[in-house]
Amino acid sequence: MAGTVLPTTMDVPTKAVETSIKPPKDLDAGALFVLKSKGSWLHCGYHLTTSIVAPVLLSLPFAMGLLGWVGGVMWLALAALVTFYSYNLLSLVLEHHAKLGHRYLRFRDMATHILGPGWGRYFVGPLQFGICYGAVIVCSLLGGQSLKFIYLLYKPNGSMQLYQFIVMFGVLILFLAQMPSFHSLRHINLLSLILCLTYSACAAAGSIYIGSTGKAPPKDYSLNDDEANRLFDAFNGISIIATIYASGIIPEIQATIAPPVTGKMFKGLCICYTVIIITYFSVGISGYWAFGNGAQGSILSNFIAGDKPLFPSWFLLMINIFTLTQLAAVTLVYLQPTNEVLEGFFADPKRDQFSVRNTVPRLIFRSLTVVIGTTIAAMLPFFGDIMALFGAFGCIPLDFILPMIFYNVSFKPSKKSLVFWINTTIAVVSSALAAVGAVSSVRQMVLDAKTYHLFANM
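Here is what the cut-offs are and how they apply
- Residues numbered from 1 in each chain as written.
- Predicted model: local features only at pLDDT ≥ 70, side-chain atom pairs only at ≥ 80, totals over all residues.
- Heavy atoms only, no water.
- Helix = DSSP H or I, 4+ residues; strand = E, 2+ residues; numbered from the N terminus.
- Buried < 20%, exposed > 50% of the residue type's maximum accessible area, 1.4 Å probe, protein only.
- Areas by Shrake-Rupley, 256 points an atom, 1.4 Å probe, with all protein chains shown as cover.
- Core = buried A, V, L, I, M, F, W, Y, C linked by side-chain atoms within 4.5 Å.
- Contact = heavy atoms within 4.5 Å.
- Phe/Tyr/Trp six-rings, centres within 6.5 Å; stacked < 30°, edge-to-face > 60°.
- Lys NZ or Arg CZ within 6 Å of the ring centre and 35° of its normal.
- Salt bridge = Lys/Arg side-chain N within 4 Å of Asp/Glu carboxyl O.
- Axes fitted to C-alpha atoms, helices over the stretch in contact; angles between N-to-C directions.
- Parallel < 35°, antiparallel > 145°, perpendicular 65-115°, else oblique.
- Left-handed = near helix turned anticlockwise from the far one by under 90°.
- Nonpolar A, V, L, I, M, F, W, Y, C, P; charged D, E, K, R; others polar.
- Patch = residues over 30% accessible without salt bridge, like charges linked within 9 Å, V, L, I, M, F, W, Y side chains within 5 Å.
- Expected span 1.5 Å × (residues − 1).
- Bend = angle between axes of the 7 residues up to and from the residue.
- Polar contact = N/O pair within 3.5 Å; in protein donor to acceptor, adjacent residues only side chain to side chain.

### Points about the overall build of the protein chain
Then, number 1: When helices and strands are counted, the protein chain shows 14 helices and two strands.
Then, number 2: Looking at the protein chain residue by residue over its 458 residues, the buried ones come to 54%.
Then, number 3: Of the roughly 19200 Å² of accessible surface on the protein chain, 71% is carried by carbon and sulfur atoms.

And the structure:
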């Protein structure tokens, strides 16, 4: 019956020789400089939390409005269980190969070794790069929108355009992007963890206050009357929730842990999911309770009725400063895979990381990366709709499908075992959701197409 036991860190035998396992000596500059293995499990928890818990969680009441009370709470809980299980599987696979003498620092390295060179080079690598750089663009857009919100709070008839605020946010990231490694973000990501708890508490408290004082419009929890639209709404809601739980950089985060790595990722995941349970459920449930189907794409938008704020300006300013600051941290985290790829191409691993030979290319190419991302965000402020499509094609495969395949291929559980069929079921169902989610995203893009134009002031 051992084959029916679900995998945990304790299921993988610990070898005393693990402390001697080190990454290969012929590391390229990207892995050597950006993915330094110096962190603790606490640092891992900070990185994990920043990569998953971001201001997009403020859209959870909107997602629940598409699913209703039963569907919304069920999918919120189910996504938490599946992603925790999935990320733990990825960690176990990485630990397993480390004990065999191969510590993989990148998602594409895992795919190359486990599934074959073509999977890493032509599927996982480009997919992860696109998702992570797309997240950088979306964060730049959200940062600009947050700055614009603050501006309009004190100057309602101001004439500044959204693209100007996106550029301002980009200038901030331009300086922060020069942080040398993933590990160097540990203190920023600790601040990020504190901030997400703080603005989530403010958002939940604000929703409860409005909902209990009658300032909210009449609550309507009914679903769409049209069966087809109700179905598309449901899949949109599921896609939003799946994307909000997505990371896409679990191997790169585990790469920052100093050896031995056994059990450390699990502890980091426990920190992360403690924060997730506190923030996601409090914001999602309180926001949907207060506003029902009237919950907007960001619950903060519901805190203003027409042009009249429902809270003092200082309260709204505080929340937006918290979300803006955390967006900067999230942007830096998702820049790391791009930084790693660029330094792998242009840096010399035989020279010191801070030598002129390596510092100048790093300054140039990281700056160029931020400038390009900021420009795209300013030109295409509807990029969030495009990213929803990428999320269906990218986040679900990386976070819901590949971990199941990696585990089954690496550990080869019996086809009669429970774990084999749980993994297979999750992979198959997730594949179907990815396909349907992509269709729903395209449909939403068609419906929103009339609002699309370059440098739109959205």
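Further notes follow.
### Considering the nonpolar core
Then, number 1: Y245, Y280, F303 and F406 are the most contacted members of the largest nonpolar core, which has 114 residues in total.
Then, number 2: Of the residues forming this core, the biggest block, 14 residues, is contributed by helix α3 (residues 60-99).
Then, number 3: Contact partners of Y280, with chain neighbours within four places excluded, come to I52, V53, L57, L60, L76, I244 and Y245.

### As for the packing of aromatic side chains
By convention here, two paired aromatic rings are described through the distance between centres and the angle between planes.
Then, number 1: This structure, assessed with the given rule, holds 18 aromatic pairs.
Then, number 2: Considering the side-chain rings of F84 and Y273, the 5.2 Å spacing of their centres and the 85° angle between planes classify their relative orientation as edge-to-face. Of this pair, F84 sits in helix α3 while Y273 is found in helix α10 (residues 264-291), placing the two residues 189 residues apart along the sequence.
Then, number 3: On the basis of relative accessible area, F84 is assigned to the partly exposed category, the value being 22%.
Then, number 4: Judged by its relative accessible area of 5%, Y273 falls in the buried class.
Then, number 5: With a centroid separation of 5.2 Å and 50° between ring planes, the pair formed by Y151 and F165 is classed as tilted. Here Y151, found in helix α5 (residues 117-154), pairs with F165, found in helix α6 (residues 162-176); they are 14 residues apart in sequence, far enough to count as distant.
Then, number 6: Classification of Y151 as buried rests on a relative accessible area of 17%.
Then, number 7: Look at F165 and you get buried, because its relative accessible area is 3%.
Then, number 8: Feature note: the residues Y209, F303, F311, W314 and F315 constitute an aromatic cluster, connected by ring pairs.
Then, number 9: The cationic tip of K219 hangs over the ring face of W289; the distance from NZ or CZ to the ring centre is 5.2 Å.

### Here we look at the pattern of salt bridges
Then, number 1: Under the defined criterion, the tally for this structure stands at five salt bridges.
Then, number 2: Note that E340 is salt-bridged to R106, the shortest N-O span being 2.5 Å. Of this pair, E340 sits in helix α11 (residues 313-346) while R106 sits in the loop between α3 and α4 (107-115); the two residues are 234 residues apart in sequence, bridging distant segments of the chain.
Then, number 3: Classification of E340 as buried rests on a relative accessible area of 3%.

### With respect to the packing of α4 against α5
Working note: a packed helix pair is described by the angle between its axes plus the distance between those axes.
Then, number 1: One way to put it is that α4 packs onto α5 with a least axis distance of 7 Å and a crossing angle of 155°. Between α4 and α5, the interaxial angle falls into the category roughly antiparallel. Between α4 and α5 lies a crossing whose hand is right-handed. Counted together, F107, R108, A111, T112 and L115 of α4 and P117, W119, G120, R121, V124, G125 and Q128 of α5 form the full contact between these two elements.
Then, number 2: Of the residues contributing to the contact of α4 with α5, the split by class is six nonpolar, four polar and two charged.

### Side note on the environment of G170
Then, number 1: Structurally, the position occupied by G170 is in helix α6.
Then, number 2: With 29 residues separating them along the chain, G170 and L141 place their C-alpha atoms 9.3 Å apart.
Then, number 3: Setting aside its immediate chain neighbours within four residues, G170 contacts V370 and T374.

### Re the side chain of T331
Then, number 1: You can see T331 is positioned in helix α11.
Then, number 2: When near neighbours in sequence (up to four residues on either side) are disregarded, T331 contacts V136, C139, F169 and I173.

### Here we look at a nonpolar patch on the surface
Then, number 1: A cluster of nonpolar residues, W69, V70, V73, I208, I285 and W289, forms a patch on the protein surface that exposes about 500 Å² of accessible area.
Then, number 2: Counting only elements with at least two residues in the nonpolar patch, the list comes to α3 and α10.
Then, number 3: Sort the elements by how many residues they give to the nonpolar patch and α3 lands first, with three residues.
Then, number 4: Tracing the sequence through the fold places I285 in helix α10.
Then, number 5: Using a relative accessible area of 31% as the deciding quantity, one classes I285 as partly exposed.

### Quick look at the environment of S200
Then, number 1: Relative to the elements of secondary structure, S200 occurs in helix α7 (residues 186-213).
Then, number 2: Sequence-wise, S200 and I319 are 119 residues apart; in three dimensions their C-alpha atoms are separated by 8.7 Å.
Then, number 3: For S200, the residues in contact, after removing those within four places along its chain, are L57, T279 and V283.

### Concerning α5
Then, number 1: Here α5 contains 38 residues, and its C-alpha end-to-end distance of 55 Å stays within 8% of the 56 Å for a straight helix at 1.5 Å per residue.
Then, number 2: At V124, α5 is bent by approximately 35°, the largest bend along its length, and proline P126 sits one to four residues beyond.

### What to know about unusual backbone geometry
Then, number 1: Residue P260 is reached from P259 by a cis peptide bond, and omega for that bond is 0°.
Then, number 2: You can see P260 is positioned in the loop between α9 (250-255) and α10.
Then, number 3: Not every positive phi belongs to a glycine, and K412 is a case in point at roughly 50°.
Then, number 4: Tracing the sequence through the fold places K412 in the loop between α13 (383-411) and α14 (418-448).

### Re the environment of Q161
Then, number 1: Secondary-structure assignment places Q161 in the loop between α5 and α6.
Then, number 2: By relative accessible area, which is 27% here, Q161 ends up partly exposed.
Then, number 3: A polar atom in the side chain of Q161 sits 3.2 Å from the backbone oxygen of S159.

### Things to note about the packing of α3 against α10
Then, number 1: Running from N to C, α3 and α10 cross one another at 180°; their axes reach a closest spacing of 11 Å. As the angle between them shows, α3 and α10 are arranged roughly antiparallel.
Then, number 2: Class assignment of the residues belonging to the contact of α3 with α10 gives a composition of 20 nonpolar, seven polar and no charged.

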